[in-house]
Amino acid sequence: MTNETLIQNTIVFVKDALKNAEGGHDWFHTQRVYNNAKLIAKTENVDDLVVELAALLHDIADPKFHNGDETIGPRKASTFLLKQNVDSEIIEHVSQIIENMSFKNSFDLNTSFNSKEMEVVQDADRLDAIGAIGIARCFNYGGFKNRALYNPDILPNLNMTKAEYKASKAPTINHFYEKLLLLKDQMHTKTAKRIAQERHNYMNGFLKQFFAEWEGHK
């Protein structure tokens, strides 16, 4: 099987698996991450196949939609790739990326796995969490979970543990301070850092406007 055929088979598999997914974690999110990852990889010394497979499969079973179970995604991806007769080392690499790339794992100082390929896919995924798309996804998920837009009596928690982050039901605006505004400084690659700065600035402008309107100043 050629790499091109493998990628096409993976796209078909992911589209089917995510056909009923929440709007911020659906096929179109995966497609954007895939495109971001390919763009970033152009200037990085990485295994393109690992990057593309990991980008396509990274949200195949997001833990937040599976009672917090972080094992389903890597296992589902590995099972699929095994059926495609993919080399075992590639399967293991892709599985490790899916298991370790999430923002919530940044709370865990014991995370030992890292690779240039994971950095590329991680950057690509985090780019989709910021800027105009990031704002749209943030509020889409907040609506999906029936969370308040904002509550001035509930302050952002800037010192959360991983468990607290996973269990949080805070208003959507808090998520900007607890995650989205932190992502710019967590990018690894030059390409992602450049794009992230622009999107970060856009979010700051949005928040300034949001609070001005909230207080009735505009």
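Refer to the preceding data block for the structure.
Since the structure is predicted, the reported quantities are computational estimates derived from the model, not experimental observations. Per chain, residue numbering runs from 1 following the sequence as it is written. It should be noted that, the model being predicted, local features are given only for residues of pLDDT at least 70 and side-chain atom pairs only at 80 or more, the latter also being counted only at that level, while totals for whole chains, interfaces and linings use all residues. Hydrogens are left out, water is left out, and the side-chain values use all remaining heavy atoms of the structure.

Attention shifts here to helix 2 (residues 27–41). Put simply, DSSP H or I for four residues or longer makes a helix, DSSP E for two residues or longer makes a strand, and each gets a number counted from the N terminus. By definition here, a helix of n residues has an expected span of 1.5 Å times n minus one. An ideal rise of 1.5 Å per residue puts 21 Å on 15 residues; helix 2 measures up with 21 Å between its terminal C-alpha atoms. Those residues of helix 2 not exposed but buried are Trp 27, His 29, Thr 30, Val 33, Tyr 34, Asn 36, Ala 37, Ile 40 and Ala 41. By the criterion applied in these results, polar contacts are pairs of N or O atoms within 3.5 Å in which, for protein atoms, one can donate a hydrogen and the other can accept it, and in which residues neighboring in sequence qualify only through two side-chain atoms. One side-chain oxygen of the residue at the start of helix 2 lies 3.2 Å from the amide nitrogen of Phe 28, identifying that residue as Asp 26. Buried residues are those whose accessible area, probed at 1.4 Å on protein chains only, stays under 20% of the maximum for their type, while exposed residues exceed 50% and partly exposed ones sit between those limits.

Further remarks concern the environment of Glu 119. Tracing the chain through its elements places Glu 119 in helix 6 (residues 116–127). Here a residue-residue contact requires only that any non-hydrogen atoms of the pair lie within 4.5 Å. Setting aside its immediate chain neighbours within four residues, Glu 119 contacts Asn 114 and His 188.

Turning to the nonpolar core, a few remarks are in order. Among the nonpolar cores identified, the biggest contains 56 residues, and Val 94 and Phe 176 are the most heavily contacted of them. Counting residues per element, this core draws most heavily on helix 3 (residues 48–57), which supplies eight residues. In this structure, Phe 176 is in contact with Ile 135, Cys 138, Phe 139, Leu 181, Met 203, Phe 206 and Leu 207, ignoring residues within four places of it in sequence. Among buried residues, the Ala, Val, Leu, Ile, Met, Phe, Trp, Tyr and Cys ones that are joined through side-chain atoms within 4.5 Å form a nonpolar core.

Attention now goes to the environment of Lys 184. Here Lys 184 lies in the loop between helix 9 (172–178) and helix 10 (190–214). Along the primary structure Lys 184 and Glu 198 are separated by 14 residues, whereas in three dimensions their C-alpha atoms are 9.4 Å apart. If we ignore the near neighbours within four places in the chain, the residues touching Lys 184 are Ala 196, Gln 197 and His 200. A polar contact is formed between the side chain of Lys 184 and the side chain of Asp 185, at a distance of 2.9 Å.

Looking now at the packing of aromatic side chains. In summary, the pairing rule links any two rings of Phe, Tyr or Trp, Trp by its six-membered ring, whose centres are within 6.5 Å, and it sorts them by plane angle into stacked for under 30 degrees, edge-to-face for over 60 and tilted for everything else. Applying the stated criterion across every chain, the model contains 11 aromatic pairs. An angle of 80° between the planes, with centres 4.8 Å apart, marks the rings of Tyr 150 and Trp 214 as edge-to-face. Placement of Tyr 150 in the loop between helix 7 (131–144) and helix 8 (162–167) and of Trp 214 in helix 10 is noted, with a sequence separation of 64 residues between them. Ring pairs connect the aromatic residues Phe 139, Tyr 150, Phe 176, Phe 206, Phe 210, Phe 211 and Trp 214, which therefore count as one cluster.

Moving on, we get to the packing of helix 2 against helix 3. For every element, the axis is a line fit to its C-alpha atoms; helices are fit only across the contacting stretch, and the angle between N-to-C directions ranges from 0 to 180 degrees. For the pair helix 2 and helix 3, the least separation of the axes is 8 Å and the interaxial angle reads 160°. Viewed along their axes, helix 2 and helix 3 adopt a mutual orientation that is roughly antiparallel. Regarding helix 2 and helix 3, the two cross each other, and that crossing is right-handed. The segment helix 2 lies against helix 3, with Trp 27, Thr 30, Val 33, Tyr 34, Ala 37, Lys 38 and Ala 41 engaging Asp 48, Val 51, Glu 52, Ala 55 and Leu 56. Of the residues that constitute the contact of helix 2 with helix 3, the class distribution is eight nonpolar, one polar and three charged. Roughly parallel means an angle under 35 degrees; roughly antiparallel means over 145; roughly perpendicular covers 65 to 115; every other angle is labelled oblique. Crossing handedness follows the turn of the near helix against the far one: under a right angle anticlockwise gives a left-handed crossing, and clockwise gives a right-handed one. Ten residue types, Ala, Val, Leu, Ile, Met, Phe, Trp, Tyr, Cys and Pro, are classed as nonpolar, four, Asp, Glu, Lys and Arg, as charged, and the remainder, Gly among them, as polar.

What follows deals with the packing of helix 2 against helix 6. Helix 6 packs onto helix 2 with a crossing angle of 130° between their chain directions and a minimal axis gap of 8 Å. When the interaxial angle is binned, helix 2 and helix 6 end up oblique. Taken as a pair, helix 2 and helix 6 cross one another with a handedness that is right-handed. Contact residues: helix 2 offers His 29, Val 33, Asn 36, Ala 37, Ile 40 and Ala 41, while helix 6 offers Val 120, Val 121, Asp 123, Ala 124, Asp 125 and Leu 127.

For the rest of this paragraph, the subject is the pattern of salt bridges. Salt bridges are counted wherever a side-chain nitrogen of Lys or Arg sits within 4 Å of a carboxyl oxygen of Asp or Glu. With the rule as written, the count across this model stands at six salt bridges. A salt bridge links Glu 44 to Lys 116, with the nearest nitrogen and oxygen atoms 3.3 Å apart. Remark: Lys 116 occurs in helix 6 and Glu 44 occurs in the loop between helix 2 and helix 3; sequence separation between them is 72 residues. Its relative accessible area of 18% is what places Glu 44 among the buried residues. By relative accessible area, Lys 116 is classed as partly exposed at 36%. A salt bridge links Lys 184 to Asp 185, with the shortest nitrogen-to-oxygen separation between them at 2.9 Å.

Moving on: helix 1 (residues 3–17). Helix length check: helix 1, at 15 residues, gives a terminal C-alpha distance of 21 Å against a target of 21 Å (1.5 Å per residue), a fit within 8%. For helix 1, the full list of buried residues reads Leu 6, Ile 7, Thr 10, Ile 11 and Val 14. Down the axis of helix 1, the smallest arc covering the buried residues is 140°, so these residues share one side. Buried residues along helix 1 sit in contact with helix 2, helix 3 and helix 4 (72–83). The directions considered for the arc run from the helix axis to the C-beta atoms.

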